[in-house]
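Examination of the molecular architecture
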Amino acid sequence: MVISLTKLQQYLFYSLITASLVMVPGCQKSSTSSGTSPEEALKTFELEPGFQIELVASEPLVADPVAMEIDEDGRFYVVEMHGYPLDKTGTGKIKLLTDSDGDGRMDQSTVFAENLVLPTGIMRWKKGVLVTDAPNVYYLEDTDGDGKSDVRDTVLTGFALSNPQHNVNAPLLGLDNWIYLAHESAVTAQVYKEEFGDRGSDVFFPQKPDGIRLPDNASGRSVRFRPDRYELEPVAGNTQFGHTFDAWGNRLLVSNANHAFHEVITTPYLKRNPDLLVSNVTQSISDHGNAAEVFPITKNPQMQLLTDIGVITSACGITAYLGGAFPALYDSVTFVAEPVSNLVHFDKIHEKGASFTASRVHTGKEFLASTDAWFRPVNMYIGPDGALYVIDYYRQIVEHPEWMAEDVIKSGALYNGTDQGRIYRITPKGTKPAVLNKDLLGKASNAQLIEKLGDRNVWWRRNAQRLLLDRATPQDVAGLEVMAKKPSSPLGRLHALWTLEGLNKLRPELITAALKDPVPGVRTNAIKLAELHLKTAPALVPALLAMQSDSDPKVRFQLLCTLGFVETPEAASARQKLLFTDIDDQWIQIAALSAPASQKGDLLNAVLTRYQSDQPAYGSLVERLSAMTGASQPATTINALLQKALVPVSAEKETWQPSIIKGVAQGVKRRNSTLDSNFLAEQYLLIRSFFNHSSPSVRSACLQFLQVTGLPDDARTTAAFQQAVQTAGDPKQSEEKRSEALGFLALRDATPQIPLLKKMIAPNEPLSVQVAALKTLSSIPDATVSDYVLQKWPVMTPDIREPAIATFFSGPDPVRQSRIKLLLDAVEKGTIDQNSIGWPRSVGLMANSNVESRNRARVLLTKRDKQRDEVIKQYQTSLELPADADKGALVFQQNCALCHQISSTGGIAFGPDLATIRNRRPASILGDILTPNLSIADGYDLWTITLKNGETQQGLISTETPTALTLRNQGGQETTIARQDIETLKAMNMSAMTAGLEKQINPQQMADLLAYIRKAK
């Protein structure tokens, strides 16, 4: 058997398994008590050793919970989003839950607010709560103490009412006294445009219509605001559903497949230098990748059409554990909910320069996972007891119908579970039940609140700071200043400083002292505070300059950001020192270049003087500085810089030249004004350098520049094209030169060169030449490239097929749509196997803006073999039978070892190594075993090669180079064949192993085999 790895095949199998669960006809909203009872659900969990999980609240007290807040009196404000995914009639509610008997479980529920559309988040504020419910942020308050709000004010409005999981959410009070809103650009609806096509408008305070406005849905960025001051700002980054702060105010974000990224640099630093082009202010911090592999334990998982399987695909609710009640390991752990896979993922956060690295705590295991496919964790919170509270939306389906198959949408299952929902509490084993009905901070004195600023648990610190902002009197300033100096409490010092700042009572002397604090996190925040007082307290500048040799990289990064606002020679010198100390950190480079003074040539000259060719950071810095020059400086300055960069040098002495050329090209591309006619000489110089310079990097940079500026229309350019044609077609030229020449031909209409380009796309040509010819052929804005790819597809080797498929998705939209139609035609005819398209592109096809193509793709890419479906049905019992991995090892040796190994041992390496799939769900592995031909794993299709001497060979192409390829036969034998000896080669469009394993093993043996594959090491 050869195991296929396609995501679509997994989807098909999951669809088959769950088809029997979808039985309600029509598309009406429905509710069901199906699923698992709250008490039974506790038995479905697999939790990190050393912890316990208990139920705090469930139906009927609460249903469809998505967010909550525990207030200073121990009450739970819970957001219920009943309307997800399509109901906008105002079914959303806020429930107020209390524990009247002190047993740690909520027993009273009051509807605090209702008639909300699709509410997404909540935060305690003043005497009430702030609630996000796009397009609005509301303030709700109960003034008469009956547990029901009687005040509803619209604080902010204008946010997009888009797909609910993308709407504004999660109000969160930051250290800096601003309230941060998780927010991103409105998702583009293709199917449900009427319901969720709103793109948003100006975001503003309705009570201050002439005040600050953030246009265009705040440009799709997160927002921070101060409702009592009518202050409103966009934040540099954006996040989808949830965000979190670490103890020192670093903001971590989350989005579907990316479960942890850090907002490194903020808006004020980028605004001061518009010529610095920074396209991303965040750093993905996972060292196990975006769309990281997950390890669910779900029985009969339920996946939808465009759900990526076996990886993080619905990450949300990121939470830094700051509760202080878990073992020390967890003081730097983040939790992320993954509702599609029914689990909670966790990572250990490590310092890394200006940012962080997130690493798995365990390999192959999650913090919390359930066998129940309806377990849908969506948010997490730290309680006053230090526990981790997990919100379980508990639904059969959580994917949005925008990305579902039509039959599921019409099934009536979209709202199954809408009357259910749970809140769990996770604590170390032996922890007593929570006591949440007593007063916590509600009646605390201000002195007690100040003391709580230093608590180990962030719940106490954050709420104490919030309450002090409302309650503090002039008499409390002295107590706050004492806490700001308290040697034994770094966190107390931190929160006291920011509380004083929020009260406008922070003295510069306290900031100066904090700049020398022994704890780096306090020093970093002291620099931020100093930045707010630079104009009124200039004496802070010498104290800042004295920190340029600080031992902590995050302190140095923040110092570099802040010193960008100081325009003195001493500050410029300090910025250069900080830059060259940490030049390998890309964020240090960005911070240095964000200073307005960096636009001058002094910094570029300093970098060129110190340039070290063996350190890539210097090249990237030169490129950034040159881009700033190209974007804003006069043509004479650009000309001089290019002349300097194009001076001939030997390849051995190549230094900063390519970086300057590429950088200037980037800058020229985005400048508003055109370069004057004097630039014509530089264009000719670029052309000459492209053909004659000894450095491939310089030649590539010249081509990149010419792609931006275009070419003069004269005889010299025509001669250059003739030279490119000759070079491309000359087999005596180097592979590199020929590929470059083919790229040059794309600078003009390449139609006259179609015969040459087609000739270059042949198995006997080097791979890089074939790819370059494909790209140039693709630049012709019609279907020429698509027709040729389809004609030559059978003889295209695996390495060329990927760029060939990419050509169907290139070009202006009308051209791209015509090419996609041809691709779908080819899939329908069987010319191209759908697995060759790949999962990401398949998702794009099934979400295409063209309705006809989208619907057709959904049919073509999800069609099933009915006979194989019957086989799969017969083996469903294998997923439930008791299994013996030791017996499975024997089944493997007898039936699989001829083609497969596990971790490079135990068999023959012909098909994929099964260690790569052992952590996928058993249902996924089962589907691949029984239907290997449904879709062929990438690199495991069979080829027939006919040699010029008449001999024929078959096998897998295991490796290939420009001059040869290696054919692997069943049994592991390999044969290397020179390309020049090949007469023809053709893909057989079939797996190396056909279906039929069901004839050799029964369901019990299959269960044992699955157990062995998943457990074998």
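Residues numbered from 1 in each chain as written. Predicted model: local features only at pLDDT ≥ 70, side-chain atom pairs only at ≥ 80, totals over all residues. Heavy atoms only, no water.

**Details of the overall build of the chain**
- Within the chain, the secondary structure is distributed over 35 helices and 33 strands.
- Within the chain, the fraction of its 1017 residues that count as buried is 59%.
- A separation of at least 24 residues holds for 67% of the contacts in the chain among residues at least 6 apart in sequence.
- Looking at the chain as shown, the accessible area adds up to about 39200 Å², and 51% of this sits on carbon and sulfur atoms. (Helix = DSSP H or I, 4+ residues; strand = E, 2+ residues; numbered from the N terminus. Buried < 20%, exposed > 50% of the residue type's maximum accessible area, 1.4 Å probe, protein only. Contact = heavy atoms within 4.5 Å. Areas by Shrake-Rupley, 256 points an atom, 1.4 Å probe, with all protein chains shown as cover.)

**Here's the deal with the pairing of strand S11 (residues 169-173)**
- Burial analysis of S11 places 5 of its 5 residues in the buried class, the great majority of the element.
- With antiparallel pairing between neighbouring strands as the criterion, S11 and strand S12 (residues 179-182) make up a hairpin whose turn holds 5 residues, including Asn177 at a positive phi of roughly 75 degrees. (Pairing = 2+ DSSP bridges.)

**Digging into the confidence of the model for the chain**
- On average, residues of the chain score 87 in pLDDT, and 86% of them are at 70 or above.
- Low confidence marks residues 991-995, where pLDDT is under 50. Its contacts with residues over four positions away, or in another chain, come to 22 contacts. (pLDDT = per-residue confidence, 0-100.)

**Some points on the packing of aromatic side chains**
- This structure, assessed with the given rule, holds 28 aromatic pairs.
- Ring centres 5.6 Å apart and planes at 85 degrees place the aromatic pair Phe76 and Tyr389 in the edge-to-face group. Of the two residues, Phe76 sits in strand S4 (residues 76-80) while Tyr389 sits in strand S27 (residues 388-392), which places them 313 residues apart along the sequence. Both residues of the pair, Phe76 and Tyr389, belong to the buried class.
- With 4.9 Å between their ring centres and 80 degrees between their planes, Trp459 and Trp460 make a pair best called edge-to-face.
- An aromatic cluster is built from Phe51, Tyr321, Phe326, Tyr330, Phe335, Phe346 and Phe367, whose rings are joined through pairwise contacts.
- In this structure, Lys88 is placed above the aromatic ring of Phe196, and the distance from its NZ or CZ to the ring centre is 5.7 Å.
- We note Lys554 situated over the ring of Phe356; from NZ or CZ to the ring centre the distance is 4.0 Å. (Phe/Tyr/Trp six-rings, centres within 6.5 Å; stacked < 30°, edge-to-face > 60°. Lys NZ or Arg CZ within 6 Å of the ring centre and 35° of its normal.)

**Describing the pattern of salt bridges**
- Scanning the entire structure with this criterion turns up 36 salt bridges.
- Linking Glu54 and Arg425 is a salt bridge whose minimum nitrogen-to-oxygen distance equals 2.5 Å. With Glu54 in strand S2 (residues 51-58) and Arg425 in strand S28 (residues 422-428), this pair connects stretches of sequence that are 371 residues apart. For the pair shown, Glu54 and Arg425 are each scored as buried.
- Across the pair Arg422 and Glu59 runs a salt bridge, and its minimum N-O distance is 2.8 Å. Here the residue Arg422 occupies a position in strand S28, and Glu59 occupies one in the loop between S2 and strand S3 (65-70), the gap between them amounting to 363 residues. In terms of burial, Arg422 and Glu59 fall into one category: buried.
- By sharing partners, the salt bridges in this structure join Asp71, Glu72, Asp73, Arg75, Arg124 and Arg466 into a single network. (Salt bridge = Lys/Arg side-chain N within 4 Å of Asp/Glu carboxyl O.)

**Quick look at the sheet that holds S27**
- Taken in spatial order, the 4 strands of this open sheet run S2-S28-S27-S26, and their pairing is antiparallel. Lying at the two open borders of the sheet, with one neighbouring strand each, are S2 and strand S26 (377-382). Across the sheet, the mean angle from the axis of one strand to that of its neighbour is 25 degrees, orientation sign disregarded.
- Where S27 lies against S28, 5 bridges are found, and the strand directions are antiparallel. In the strand pairing of S28, Leu388 is matched with Ile426. (Axes fitted to C-alpha atoms, helices over the stretch in contact; angles between N-to-C directions.)

**Regarding the packing of helix H27 (residues 784-792) against helix H29 (residues 813-829)**
- Between H27 and H29, whose axes approach to 9 Å, the crossing angle comes to 20 degrees. Considering the angle they form, H27 stands roughly parallel to H29. Along this stretch, H27 crosses H29, giving a crossing that reads as right-handed. Residues Val785, Ser786, Asp787 and Leu790 of H27 form the contact with H29, whose own contacting residues are Arg819, Leu822 and Ala826.
- Classifying every residue of the contact of H27 with H29 by side-chain character gives 4 nonpolar, 1 polar and 2 charged. (Parallel < 35°, antiparallel > 145°, perpendicular 65-115°, else oblique. Left-handed = near helix turned anticlockwise from the far one by under 90°. Nonpolar A, V, L, I, M, F, W, Y, C, P; charged D, E, K, R; others polar.)

**Examining the sheet that holds S4**
- Spatial strand order, S3-S4-S5-S6: 4 strands in an open sheet with antiparallel pairing. The open sheet has two edge strands, S3 and strand S6 (108-116), and neither has a second partner. For this sheet the average axis-to-axis angle between neighbouring strands, irrespective of direction, equals 20 degrees.
- Bridging between S3 and S4 involves 5 bridges; their strand directions are antiparallel. Note on S4: the bridge partner recorded for Ile70 is Phe76.

**Quick word on the environment of Val340**
- Mapping Val340 onto the fold places it in the loop between strand S22 (333-338) and strand S23 (343-352).
- According to the relative accessible area criterion, Val340 is buried, its value standing at 6%.
- Spatially, the C-alpha atom of Val340 lies 7.2 Å from that of Thr313, the residues being 27 residues apart in sequence.

**A word on the environment of Ala773**
- As for its placement among the helices and strands, Ala773 is situated in helix H26 (residues 767-778).
- Classification of Ala773 by relative accessible area gives buried; the value is 0%.
- Once the C-alpha coordinates of Ala773 and Lys758 are considered, the two residues, 15 residues apart in sequence, prove to be 7.4 Å apart.
- The residues contacting Ala773, other than those within four sequence positions of it, are Leu742, Leu757, Met760 and Ile761.

**Thoughts on helix H16 (residues 586-594)**
- Of all 9 residues in H16, 8 are buried; the element is thus mostly enclosed.
- Of the residues making up H16, those classed as buried are Trp587, Ile588, Gln589, Ile590, Ala591, Ala592, Leu593 and Ser594.

**Things to note about the nonpolar core**
- Grouped together as the largest cluster of nonpolar side chains are 238 residues, with contacts concentrated most on Phe76, Ile94, Phe225, Phe335, Phe367, Tyr389 and Ile661.
- Beyond its immediate sequence surroundings of up to four residues, Phe335 is in contact with Gly317, Ile318, Thr319, Tyr321, Phe326, Tyr330, Val344, His345, Phe346, Phe367, Met380 and Leu388. (Core = buried A, V, L, I, M, F, W, Y, C linked by side-chain atoms within 4.5 Å.)

**Points about unusual backbone geometry**
- Of the consecutive residues Glu59 and Pro60, the connecting peptide bond is found in the cis state with omega at 10 degrees.
- With respect to the helices, strands and loops of the structure, Pro60 is situated in the loop between S2 and S3.
- Following Tyr84, the chain continues to Pro85 via a peptide bond in cis, the omega torsion being 10 degrees.
- Among the secondary structure elements, Pro85 is positioned in the loop between S4 and strand S5 (92-98).

**Quick word on H26**
- Taking 1.5 Å per residue as the helical rise, H26 with its 12 residues ought to reach 16 Å, and the 16 Å between its terminal C-alpha atoms agrees with that figure.
- Extensive coverage of H26 is indicated by the burial of 9 of its 12 residues.
- Of the residues making up H26, those classed as buried are Val769, Gln770, Val771, Ala772, Ala773, Leu774, Thr776, Leu777 and Ser778.
- Of the surrounding elements, those touching the buried residues of H26 are helix H24 (735-745), helix H25 (754-760), H27, helix H28 (798-807) and H29. (Expected span 1.5 Å × (residues − 1).)

**Things to note about the pairing of strand S15 (residues 223-226)**
- Of the two faces of S15, the one holding Val223 and Phe225 and the one holding Arg224 and Arg226 are both buried throughout.
- As paired elements, S12 and S15 share 3 bridges and run antiparallel to each other. Paired with Leu181 across the two strands is Val223, which belongs to S15.
- Across 4 bridges, the pairing between S15 and strand S16 (residues 231-234) is antiparallel. In the strand pairing of S16, Arg226 is matched with Glu231.

**Points about the side chain of Asp133**
- On the secondary structure map, Asp133 appears in strand S8 (residues 128-133).
- The side chain of Asp133 sits in the buried core without any salt bridge; Arg152 is the nearest counter-charge, 5.9 Å away.
- Of note is the side chain of Asp133, whose polar atom sits 2.9 Å from the backbone nitrogen of Val117.
- Other than its neighbours up to four places away in sequence, Asp133 contacts Leu116, Val117, Leu118, Pro119 and Tyr138. (Lys, Arg positive; Asp, Glu negative; His and termini not counted. Polar contact = N/O pair within 3.5 Å; in protein donor to acceptor, adjacent residues only side chain to side chain.)

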